[in-house]
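The residues making up each chain are set out below.
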Amino acid sequence: MAMATNVRTDTQVPSSDGRVELQQKPWDWRVAARRGDTDSATALAARARRIAWRLAHPDAWRAELEKCDHYDPAYVYDEAHEYDFDWTTDPDYPFDVHHNAYDQDGFVSPEHEWHLFLLARMFSALCALFDDIEVVRVLNEPDLYIPEALGKALGLRTAGGRPKEMVQPDVLVLPAGARLPQARVLRIAQGDPVPELAVEIVSPTSRDQDFDDKLRLYAALGIREYMVCNAGSRSQGDDPGWVPDLRLFRQPRDGMYEQMDAPDPVWTDDGGFLTITVRSEVCGTELRLHQVNPRMLPQFQWWDQRQDRWRDPEADARMEERTEERTDTAIAMLHRILLDDAGPALRERIAERWRTEGPPADVIDRLLDVQLAPTEWRALLDIPSDDEAD
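Remember, predicted model here, so these are calculated numbers, not experimental data. (Residues numbered from 1 in each chain as written. Predicted model: local features only at pLDDT ≥ 70, side-chain atom pairs only at ≥ 80, totals over all residues. Heavy atoms only, no water.)

**Q** Is there a simple way to explain a negative patch on the surface in this structure?
**A** A cluster of acidic residues, Glu320, Glu321, Glu324, Glu325 and Asp328, forms a negative patch on the protein surface. Of note, glutamate 320 is situated in helix H6 (residues 313-337). Looking at glutamate 320, the relative accessible area reads 49%, which means it is partly exposed. (Patch = residues over 30% accessible without salt bridge, like charges linked within 9 Å, V, L, I, M, F, W, Y side chains within 5 Å. Areas by Shrake-Rupley, 256 points an atom, 1.4 Å probe, with all protein chains shown as cover. Salt bridge = Lys/Arg side-chain N within 4 Å of Asp/Glu carboxyl O. Lys, Arg positive; Asp, Glu negative; His and termini not counted. Charge placed at Lys NZ, Arg CZ, Asp CG, Glu CD. Helix = DSSP H or I, 4+ residues; strand = E, 2+ residues; numbered from the N terminus. Buried < 20%, exposed > 50% of the residue type's maximum accessible area, 1.4 Å probe, protein only.)

Okay, here's the thing in structure tokens:
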């Protein structure tokens, strides 16, 4: 029996009033099931049947793959996954297609949006933490090629038994000063740097891979730390959903990682916040998932010792906005309070200095004190005496 291409096609059917309507064809086992097509048991059985067909008919399956524009004969395709014209369920597939995923009931659906949002948050946060501007140190979904001997030794194979050649981590952090011969492609066997930190965001169907295959692979490659994050899911009705989780594995010993202890996530009574904190040696600080309520996506943050606060790009943007508002308010007060004590040119020089360097942290209080002691305005505002008025 020929294996149909995994695409739904609609049939044009004329209606009684002369209009043409599209009618979806009935679901077929050769097409990955989506919710509403059939029941869970049938969907799971159909997936197993498709895998068995691919294993029994490799040439026919290859012919179907070759019809896709994104087909690459060098890639090791896995019989356990679907490869359609514009999507796949293979989480490591490096080509430009949409990524769908199987859920626990055997149905295919688009990759959960919380996975994509959290990935964007973690990537941008790590870039900001390492001030990743000129030198690329943090890589988003890079292609990590596996040394052939290592893949075989670890038993990393497709459903058909072929050794895997590449995986696609969600995030990799390279050593300081590392240079890549090609962006987002890492070939350690050919001399590319060994990452210091690997990050994976768990989905329902990648859990076994993230906590087994990739755990063993990253340890064998000598990656110092491996962080696994489960964002949870939005709650619906009385269903509490999945509780977010953050785990850190460190420095392989005897070929295996040691899991670092992290406190269990607990909803606090004061405000209902949930936090899970781990300390990363690679990042040189504490990292945490912070969630304000069960129905919201957690934020990924790091502790900034210098600023004495938890940071993430969104929090930084809010603080920058507040700082700009405070600066604008301070400058407006400056021009009103020092109207008779300093000329316009001096006031503008002070204002420009505050825009560039930021005003004193207690600038509003200082300006209020100037109103009480106008002759002391230079000392109160830290204005040098040689900075003369007009």
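Read on, since the account is not over.
**Q** Sorry, what's going on with the pairing of strand E13 (residues 245-253) here?
**A** Look at any regular strand and the pattern is simple: side chains alternate between the two faces of the sheet. With six bridges joining them, strand E12 (residues 225-230) and E13 adopt antiparallel strand pairing. Within E13, the residue paired with valine 228 across the bridge is arginine 247. With three bridges connecting them, E13 and strand E14 (residues 256-259) associate as antiparallel partners. Directly across from arginine 250, in E14, lies its bridge partner glutamate 258. (Pairing = 2+ DSSP bridges.)

**Q** Can you help me understand helix H8 (residues 363-372) in this one?
**A** Since one α-helical turn is 3.6 residues long, residues separated by three or four positions face the same way. Burial in H8 covers these residues: Val363, Leu367 and Val370. Down the axis, H8 shows its buried residues gathered within 50 degrees of arc, on one side only. Check the buried side of H8 and you find it contacts H6, helix H7 (344-357) and helix H9 (377-380). (Arc of directions from axis to C-beta. Contact = heavy atoms within 4.5 Å.)

**Q** In this structure, what is going on with the nonpolar core? I would like to understand it.
**A** Buried together is how nonpolar side chains tend to be arranged in soluble globular proteins. Counting 30 residues, the largest nonpolar core has Met122, Leu126, Phe130, Met227, Leu287 and Phe300 as the members making the most contacts within it. Once you skip the residues sitting within four places of it in the chain, phenylalanine 300 turns out to touch Met122, Ala125, Leu126, Met227, Leu287, Arg288, Leu289, Arg311 and Asp312. Counting residues in each nonpolar core, the second largest holds 24 residues, with Leu139, Leu156, Ile223 and Tyr257 among its members. (Core = buried A, V, L, I, M, F, W, Y, C linked by side-chain atoms within 4.5 Å.)

**Q** Hey, could you run me through the environment of glycine 358 in this one?
**A** Along the chain, glycine 358 turns up in the loop between H7 and H8. In the structure, glycine 358 is positioned 35 residues away from threonine 323 in sequence and 8.1 Å away in space, judged by C-alpha atoms.

**Q** For this particular structure, what's the right way to read the pattern of salt bridges?
**A** When charged atoms on two side chains of opposite charge get close, those side chains can pair. On inspection of all chains with the given rule, the structure shows 26 salt bridges. For arginine 30, the salt bridge is made with aspartate 28, and the minimal N-O distance between the two is 2.9 Å. Judged by its relative accessible area of 22%, arginine 30 falls in the partly exposed class. When the shortest N-O distance is used, the salt bridge between glutamate 348 and arginine 355 registers 3.0 Å. By relative accessible area, arginine 355 is classed as partly exposed at 43%. It is possible to trace a salt-bridge network through shared partners that takes in Arg137, Glu196, Arg224, Glu225, Arg250 and Glu281.

**Q** Hey, could you run me through the sheet that holds E13 in this one?
**A** Hydrogen bonding along the main chain pairs the strands of a sheet, whether they run parallel or antiparallel. Pairing is mixed across the open sheet formed by six strands, whose spatial order is E6-E9-E11-E12-E13-E14. Strand pairing shows two members of the sheet lacking a second neighbour, strand E6 (138-140) and E14, which therefore form its edges. Mean inter-strand twist for the sheet, computed between neighbouring axes without regard to direction, equals 20 degrees. (Axes fitted to C-alpha atoms, helices over the stretch in contact; angles between N-to-C directions.)

**Q** Is there a simple way to think about the environment of tyrosine 71 in this case?
**A** Along the polypeptide, tyrosine 71 turns up in the loop between helix H2 (58-65) and strand E3 (87-88). Separated by 13 residues in sequence, tyrosine 71 and aspartate 84 place their C-alpha atoms 9.9 Å apart. Excluding residues within four positions of it along the chain, tyrosine 71 makes contact with Arg62, Leu65, Glu66, Tyr77 and Tyr93. In this structure the side chain of tyrosine 71 is engaged in a polar contact, spanning 3.2 Å, whose partner is the side chain of arginine 62. (Polar contact = N/O pair within 3.5 Å; in protein donor to acceptor, adjacent residues only side chain to side chain.)

**Q** Can you walk me through the environment of asparagine 230 in this structure?
**A** You can see asparagine 230 is positioned in strand E12. On the accessibility criterion, asparagine 230 (14% relative accessible area) is buried. For the pair asparagine 230 and proline 298, spaced 68 residues apart in the sequence, the C-alpha separation amounts to 9.8 Å.

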